[in-house]
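For reference, the chains in residue letters:
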Amino acid sequence: MKLSSLCIGCADMEVVAEHPLFQGSLCKTCKDNFMESAYLFDDDGTQMYCTICSEGSEVFMCDAENCAKVYCAPCIEKLCGPAEVERVRAADSWLCYMCSPTHSEVGLLAKREDWDKKLQELFTNDHEREYDAPRSYPPVPPEERQPIRVLGLFDGIATGLLVLKDLGIQVTKYFASEVDPDAVKVSQVRHQEIIEVGDVSKITEKEIKAWGPFDLVMGGSPCNDLSIVNPARRGIYEGTGRLFFEFFRLMMYAKPSPGEDRPFFWLYENVVSMRASDKLTISRFLECNPVVVDAMDISAAHRARYFWGNLPGMNRPTTPLPGDRLTLQECLEPNCFRTAQFTKLRTITTKMNSIKQTKKSIYPVRVEGDPEKDGDVLWCTEMERLFGFPDHYTDVANLGRSGRQKLLGKAWSVPVIRHLISPLKDYFKSDTHREKESSSGGTRGH
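All of the points below concern the structure found in this document.

About the thresholds
- Residues numbered from 1 in each chain as written.
- Predicted model: local features only at pLDDT ≥ 70, side-chain atom pairs only at ≥ 80, totals over all residues.
- Heavy atoms only, no water.
- Helix = DSSP H or I, 4+ residues; strand = E, 2+ residues; numbered from the N terminus.
- Rg over C-alpha atoms; globule rule 2.2 N^0.38 Å.
- Buried < 20%, exposed > 50% of the residue type's maximum accessible area, 1.4 Å probe, protein only.
- Contact = heavy atoms within 4.5 Å.
- Areas by Shrake-Rupley, 256 points an atom, 1.4 Å probe, with all protein chains shown as cover.
- Patch = residues over 30% accessible without salt bridge, like charges linked within 9 Å, V, L, I, M, F, W, Y side chains within 5 Å.
- Salt bridge = Lys/Arg side-chain N within 4 Å of Asp/Glu carboxyl O.
- Lys, Arg positive; Asp, Glu negative; His and termini not counted.
- Charge placed at Lys NZ, Arg CZ, Asp CG, Glu CD.
- Pairing = 2+ DSSP bridges.

Some remarks on the overall build of the protein
Stage number 1. Tallying secondary structure elements over the protein gives 14 helices and 15 strands in all.
Stage number 2. Its C-alpha atoms give the protein a radius of gyration of 23 Å, within 12% of the compact-globule value 22 Å for 446 residues.
Stage number 3. The principal-axis extent of the C-alpha atoms belonging to the protein is close to 70 × 60 × 40 Å.
Stage number 4. Per-residue burial for the protein yields a buried fraction of 52% across its 446 residues.
Stage number 5. Taking the intrachain contacts of the protein between residues at least 6 apart in sequence as the baseline, contacts between residues at least 24 apart amount to 63%.
Stage number 6. Of the roughly 20,500 Å² that the protein leaves accessible, carbon and sulfur atoms contribute 51%.

Regarding a negative patch on the surface
Stage number 1. A contiguous patch of negative charge, built from Glu113, Asp114, Asp116 and Glu121, is present on the exposed surface.
Stage number 2. Mapped onto the secondary structure, Asp114 falls in the loop between strand 6 (109-110) and helix 4 (115-124).

Here we look at the pattern of salt bridges
Stage number 1. Evaluation of the coordinates by the stated rule reveals 23 salt bridges.
Stage number 2. Two residues, Arg385 and Glu333, come together in a salt bridge whose shortest N-O distance is 2.8 Å. With Arg385 in helix 11 (residues 380-387) and Glu333 in the loop between helix 10 (328-331) and strand 14 (338-340), this pair connects stretches of sequence that are 52 residues apart.
Stage number 3. Arg385 sits in the buried class, given a relative accessible area of 8%.
Stage number 4. Overlapping salt bridges, with partners in common, bring together Arg149, Asp215, Glu260 and Arg262 in one network.

Description of the pairing of strand 13 (residues 304-309)
Stage number 1. Most of strand 13 is tucked away: six of the six residues are buried.
Stage number 2. The two faces of strand 13 match: Ala304, Tyr306 and Trp308 on one face and Arg305, Phe307 and Gly309 on the other face are all buried.
Stage number 3. Sheet analysis places strand 11 (residues 265-271) next to strand 13, joined by five bridges and oriented antiparallel. Within strand 13, the residue paired with Glu269 across the bridge is Phe307.
Stage number 4. Sheet topology places strand 12 (residues 291-294) next to strand 13; four bridges connect them, and they run antiparallel.

Brief notes about unusual backbone geometry
Stage number 1. Going from Gly212 to Pro213, the amide bond is cis rather than trans, its omega being 5°.
Stage number 2. Take Pro213: it is sitting in the loop between helix 7 (205-211) and strand 10 (216-219).
Stage number 3. Even without glycine at this site, Asn398 takes up a positive phi of about 60°.
Stage number 4. Of note, Asn398 is situated in the loop between helix 11 and helix 12 (401-409).
Stage number 5. Residue classification places Asn398 among the exposed positions, given a relative accessible area of 80%.

All quantities given are derived from atomic positions and should not be read as evidence of function.
Okay, structure coming up:
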């Protein structure tokens, strides 16, 4: 029997996809489990579940400094044999099957050479059902383009508006719904033109019609009750999970009326680590499948997210631009004897300890000439650079370090949003390069 016809997670013979990391396949249950847990990390920086089966009780952690993968004893025994389990258990320092140059193929377990490509394909092509392609709009001739009108839902610290301005797209009005008072303060200080409208659940159709028309609706509802990281999650129909339906409701109100022929765009974001059933529900309402964009390709930090939308070219590869900071060292304050201990960081969240890296809880920065110090956390401006924000962007209203990290931990990555909405320059009026530089200075290079 060929290994490709067998699920290497549970030995089921009804397979639906290739395992992206190792030779062999996955059944539907194991595939869903893998996709839900691939980007789930414990407080010690390691994956929460086995890299092979996405389950497991006793797990072995790879000792490679930048590897977060873990493997359960049952998977190792099933695929490599009982002797391999004992070898791993007895090892003082163990490199996993993805990291070891000598143990990438043991028994039936064999690493795929193109695993990174296969991993991307698994998320890109995971369509429970197919939908008609979103309506596409032809580019608007330059002389006919008008400034954009935007409705930002769950708007946070106005990342969307910041990126639109950085791209030079003229914004004639920007209505923002946000309930976090600190986020509202940052948005109002940095963008005096923003119109804050409060809680999404209290916005009516009449108000949307009065404020509009809108050309772009974008937002990402809270992930607390959707993310598998939260053991008390309540799913998409309860708690904060159901706020997705507020996005859907207001987007439908903002859509052009039948017969109103004009470009209308929308973008919705949420975590990759959600249940397959919740992802399917969102896709069913929005009538499209999401794309996965990871900030690691265009910034110095991992941050994989699902994006649903009708923006042109959402599936295109992410490409760094001149001025993008792709390594942690580029984000550190220069001439301060600070050296990055990692090239890229795992996802920074609202939790303070998410700054520390790997299962050894290593500080991301080494301070030269201070042998008594184990390392250092990121300074606030360094965290802002990690997310692509200008220096001191969140330095508002005497917010402390923890408050600023909480805002950034919930924010979108600036390079990712720039990647997604930059095609809108073909539809809406934009400043010339010289005008943009003189008026806003842009965000890159700060």
